[in-house]
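Report on the structure
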Amino acid sequence: MLKFDENTHTYELDGKKLISTTQLLRKNNLAPNYDMVDEEVLKKAAEKGTLIHSEIEEFIKTGSIGFTNEVALFIDWYRKQAVSEIESEIKVYNDIVAGTIDLIYKRNNEWWISDIKTTSTIHTSSVQWQLSIYKALAEERLGIKIERSSVLHIRDVLKEKELSFINDDEVNKLFECERAGIIYAPYTEIAEMSALVEVENQIKEFLK
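In short, a report on the structure. (Residues numbered from 1 in each chain as written. Predicted model: local features only at pLDDT ≥ 70, side-chain atom pairs only at ≥ 80, totals over all residues. Heavy atoms only, no water.)

1. Brief notes about the overall build of the chain
- Looking only at helices and strands, the chain features six helices and eight strands.
- For the chain, with 208 residues in total, the buried portion stands at 39%.
- Restricting the contact set of the chain to residue pairs at least 6 apart, pairs at least 24 apart contribute 58%.
- Summing over all exposed atoms, the chain offers an accessible surface of approximately 12,600 Å²; the carbon and sulfur share of this is 51%. (Helix = DSSP H or I, 4+ residues; strand = E, 2+ residues; numbered from the N terminus. Buried < 20%, exposed > 50% of the residue type's maximum accessible area, 1.4 Å probe, protein only. Contact = heavy atoms within 4.5 Å. Areas by Shrake-Rupley, 256 points an atom, 1.4 Å probe, with all protein chains shown as cover.)

Next up, the structure:
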């Protein structure tokens, strides 16, 4: 059974600690590094983000309307969508990694997953990886086919941006690297390194 500690934001499955999706991405240099940002700034941003996520979850589960401007923007977005089924804060996992999906819902007869961001900047590649991992975990754990994904960027306005998924093979490769205890190297990076080695070999042959 999966256990989640809200204070430490850690997951445990039958006594085994799992790496979180965020930790997995940072470990493999697939997410932005905020080490240079002031800790107090990060703390305040995290607290506000937690509050907004909690209000949105409460609205979805009970219909209760919170007091932040951000939840009002979300409610306005939600009421304009053709959403038939919706759930929030869904825990998904496999044997090594776990995460919490902000939103899973049906829109126009397609299953979507969306991540809610309240940061000033959206790192598209990182969110694509995050949602692609969630897709893999949700399909395995929930038995549904996730067809589309988006990020809901809520600041002074709410902007939705649909994102494409990372190739399933690459996501599985990331999982296998974590199981093997090695750092993941994206296909493009491997290809670039191979090309560089080839050029170096050609230069050596030319010098000879």
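2. Structural notes on the pattern of salt bridges
- The full count for this structure, using the stated rule, is 13 salt bridges.
- One salt bridge connects Glu178 with Lys27, and the closest N-O pair in it is separated by 3.0 Å. Here the residue Glu178 occupies a position in helix α5 (residues 168–180), and Lys27 occupies one in helix α1 (residues 21–27), the gap between them amounting to 151 residues.
- Notably, a salt bridge pairs Arg179 with Glu176, separated by 2.7 Å at the nearest N-O pair. Separated by three residues within a single helix, Arg179 and Glu176 lie in helix α5, roughly one turn from each other.
- With a relative accessible area of 46%, Glu176 lands in the partly exposed category.
- Via salt bridges that share partners, Lys135, Glu139, Lys145 and Asp168 belong to a single interconnected network. (Salt bridge = Lys/Arg side-chain N within 4 Å of Asp/Glu carboxyl O.)

3. A few points about the packing of helix α4 (residues 124–142) against α5
- With their axes 10 Å apart at the nearest point, α4 and α5 run at an angle of 85° to one another. When the axis of α4 is compared with that of α5, the two are roughly perpendicular. Here Trp129, Ser132, Ile133, Lys135, Ala136 and Leu137 of α4 lie close against α5, whose contacting residues are Asp168, Glu170, Val171, Leu174 and Phe175. (Axes fitted to C-alpha atoms, helices over the stretch in contact; angles between N-to-C directions. Parallel < 35°, antiparallel > 145°, perpendicular 65-115°, else oblique.)

4. Details of unusual backbone geometry
- Look at Asp14: it is not a glycine, yet its phi comes out positive at around 50°.
- Assignment of secondary structure puts Asp14 in the loop between β2 (10–13) and β3 (16–20).
- Non-glycine residue Asn29 carries a positive phi angle of around 60°.
- Along the polypeptide, Asn29 turns up in the loop between α1 and α2 (39–62).
- Of the residues examined, Asn29 reaches a relative accessible area of 66% and is grouped as exposed.

5. As for the packing of α2 against helix α3 (residues 69–79)
- Where α2 contacts α3, the two axes come as close as 9 Å, and the packing angle between them is 40°. By the angle between their directions, the pair α2 and α3 is classed as oblique. The interaxial crossing formed by α2 with α3 has right-handed handedness. Along the contact surface, α2 presents Lys48, Ile52, Glu55, Ile56, Phe59 and Ile60, while α3 presents Glu70, Val71, Phe74, Ile75, Tyr78 and Arg79.
- Classifying every residue of the contact of α2 with α3 gives eight nonpolar, no polar and four charged. (Left-handed = near helix turned anticlockwise from the far one by under 90°. Nonpolar A, V, L, I, M, F, W, Y, C, P; charged D, E, K, R; others polar.)

6. Considerations on the pairing of strand β5 (residues 97–107)
- With ten of eleven residues buried, β5 is to be regarded as a mostly interior element.
- Of the pairings in the sheet, the one linking β3 to β5 comprises two bridges and is parallel in character. In the sheet register, Ile19 faces β5, and the bridge partner there is Val97.
- By the bridge criterion, eight bridges tie strand β4 (residues 83–93) to β5 in an arrangement that is antiparallel. (Pairing = 2+ DSSP bridges.)

7. Focus on α3
- For α3, the complete set of buried residues consists of Glu70, Val71, Leu73, Phe74, Ile75 and Trp77.
- Where α3 is buried, its residues touch α2, β5, β7 (148–154) and β8 (158–163).

8. Looking at the packing of aromatic side chains
- Considering all chains together, one arrives at eight aromatic pairs under this definition.
- Centre to centre, the rings of Phe4 and Tyr11 are 4.7 Å apart; their planes meet at 40°, and the pair counts as tilted.
- Residue classification places Phe4 among the partly exposed positions, given a relative accessible area of 28%.
- Residues Phe74 and Tyr78 carry aromatic rings whose centres are separated by 6.3 Å and whose planes lie at 15° to one another, so their mutual orientation is stacked. (Phe/Tyr/Trp six-rings, centres within 6.5 Å; stacked < 30°, edge-to-face > 60°.)

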